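Geometric and topological summary
For reference, the chains in residue letters:
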Amino acid sequence: MPPFNLTSMTPATFILAGIPGMEKSHIWISIPFCSMYLAGLLGNGVMLFVIRTERSLHQPMYLFLSMLAIVDLMLSTTTVPKMLALFWFSAGEISFGACLTQMFFLHFSFSAESVILLAMAFDRFVAICYPLRYAAVLTQSAVVKTGLVALLRSFCIIFLCIFLLKRLPFCGHNVIPHTYCEHMGIARLACADISINILYGLAVPFAAVVVDVVLITVSYILILLALFRLPSRTARHKAFNTCGSHVCVILLFYIPAFFTVLTHRFGQEIPHHVHIILANLYVLFPPLLNPVVYGVRTQQIKKKVVKVLQKE
């Protein structure tokens, strides 16, 4: 049994159990998970390289897209390597500090990605509704400040979770029935009242993300109203295509996230291994599909990728 700090009853290590009831299938499950992770690394890496090397893409929309790629890489890399080590080598042991670090960057990435998606919606709103003011509003300074706001808001929301967990006694309980560390998964091991953790862990981050979703929805309602007022069908079609990629990325991010949260909180009849698989797909799908969506639907990126590959 791993050693414990007797003064705080904090375990020196936690044990990640993987997907309960499917331990014999871990190797087989790891094959698609590893493939999706590597494809996500490649896709986001190519996206960042193309945006970095092509000066014509140094525009707010593509700078926000590069931020999205970085956060996607953080989201998957925070969890998947340890998950694969668990599946392949039964290396489920993780120190208390490393578990809190993984939890922090997992939730931090989710919050930051939500802010970036809101910024991208605002970018499309200004570009379509106020095209003559676009260059004055979406300056490089504004893009940098938006990135800093995403970092600061995410840090402030998630950092308190660390203190809420460190105050809890665990009384020897250290097996987490999951493939990675997340706030409530750790808190449920405590032998003390965790009502504050439940309230804060659900209400504050969820409320922040809901505000983002509401603002994104309002932005697109205003965009649609502006599109229907355009006299030219060609201009309307071009604007729809411009927004289409972003709408796809929004749906890919929020639908699995909300479905995972709601089934975790209210879907008691759903088997636990289904919860865990859904949670794993949530950290794999957005990093995998976002570069595909933008690469296929955005002509500028598609042309630049082909150009870079031909040059290489």
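Before reading further, recall that the structure is shown in the block above.
A brief report on the enclosed structure follows. (Residues numbered from 1 in each chain as written. Predicted model: local features only at pLDDT ≥ 70, side-chain atom pairs only at ≥ 80, totals over all residues. Heavy atoms only, no water.)

Quick look at the side chain of glutamine 102
As for its position among the elements, glutamine 102 is in helix H3 (residues 96–129). Overall, glutamine 102 belongs to the buried group, its relative accessible area being 6%. (Helix = DSSP H or I, 4+ residues; strand = E, 2+ residues; numbered from the N terminus. Buried < 20%, exposed > 50% of the residue type's maximum accessible area, 1.4 Å probe, protein only.)

A word on the sheet that holds strand S3 (residues 13–16)
Spatially, the three strands line up as an open sheet ordered S4-S3-S5, and their pairing is mixed. The sheet is open, and its two edges are formed by strand S4 (93–95) and strand S5 (175–176), each paired on a single side. Bridge count for S3 against S5 is two bridges, and the pairing is parallel. Across the sheet, the residue bridging to leucine 16 is isoleucine 176, located in S5. Contacting S3, S4 and S5, H3 crosses the sheet at an angle of about 85° to S4. (Pairing = 2+ DSSP bridges. Contact = heavy atoms within 4.5 Å. Axes fitted to C-alpha atoms, helices over the stretch in contact; angles between N-to-C directions.)

Remarks on the side chain of asparagine 44
Tracing the sequence through the fold places asparagine 44 in helix H1 (residues 26–53). The exposure class assigned to asparagine 44 is buried, which follows from its relative accessible area of 3%. Beyond its immediate sequence surroundings of up to four residues, asparagine 44 is in contact with Ala69, Asp72, Leu73, Pro287 and Pro291.

Here we look at the pattern of salt bridges
Counting across every chain of the model gives two salt bridges. Here aspartate 123 makes a salt bridge to arginine 124, at a shortest N to O gap of 2.7 Å. Residues arginine 153 and aspartate 212 are paired through a salt bridge, measuring 2.9 Å at the closest nitrogen-oxygen approach. Residue arginine 153 is found in helix H5 (residues 140–166), and its partner aspartate 212 is found in helix H7 (residues 195–228); the two are separated by 59 residues along the sequence. Residue classification places arginine 153 among the partly exposed positions, given a relative accessible area of 21%. (Salt bridge = Lys/Arg side-chain N within 4 Å of Asp/Glu carboxyl O.)

A closer look at the packing of aromatic side chains
Under the criterion given, the structure shown has 16 aromatic pairs. Summarising the aromatic geometry, the rings of phenylalanine 104 and phenylalanine 105 are spaced 5.2 Å apart at their centres and angled 85° between planes, so their arrangement reads as edge-to-face. The exposure class assigned to phenylalanine 105 is partly exposed, which follows from its relative accessible area of 34%. Ring geometry for phenylalanine 125 versus tyrosine 130: centroids 5.7 Å apart, planes at 75°, classification edge-to-face. Its relative accessible area of 15% is what places phenylalanine 125 among the buried residues. According to the relative accessible area criterion, tyrosine 130 is partly exposed, its value standing at 41%. In textbook terms, an aromatic cluster arises when at least three aromatic residues are bridged by ring pairs, as seen for Phe104, Phe105, Phe108, Phe155, Phe159 and Phe163. Across the ring face of tyrosine 130, the terminal group of arginine 133 is positioned such that the distance to the ring centre comes to 5.5 Å. (Phe/Tyr/Trp six-rings, centres within 6.5 Å; stacked < 30°, edge-to-face > 60°. Lys NZ or Arg CZ within 6 Å of the ring centre and 35° of its normal.)

Remarks on the nonpolar core
Counting residues in each nonpolar core, the largest one holds 90 residues, and the members touching the most others are Phe14, Leu65, Leu117, Ile186 and Tyr294. Considering each element in turn, this core owes the most residues, 19 residues, to H3. (Core = buried A, V, L, I, M, F, W, Y, C linked by side-chain atoms within 4.5 Å.)

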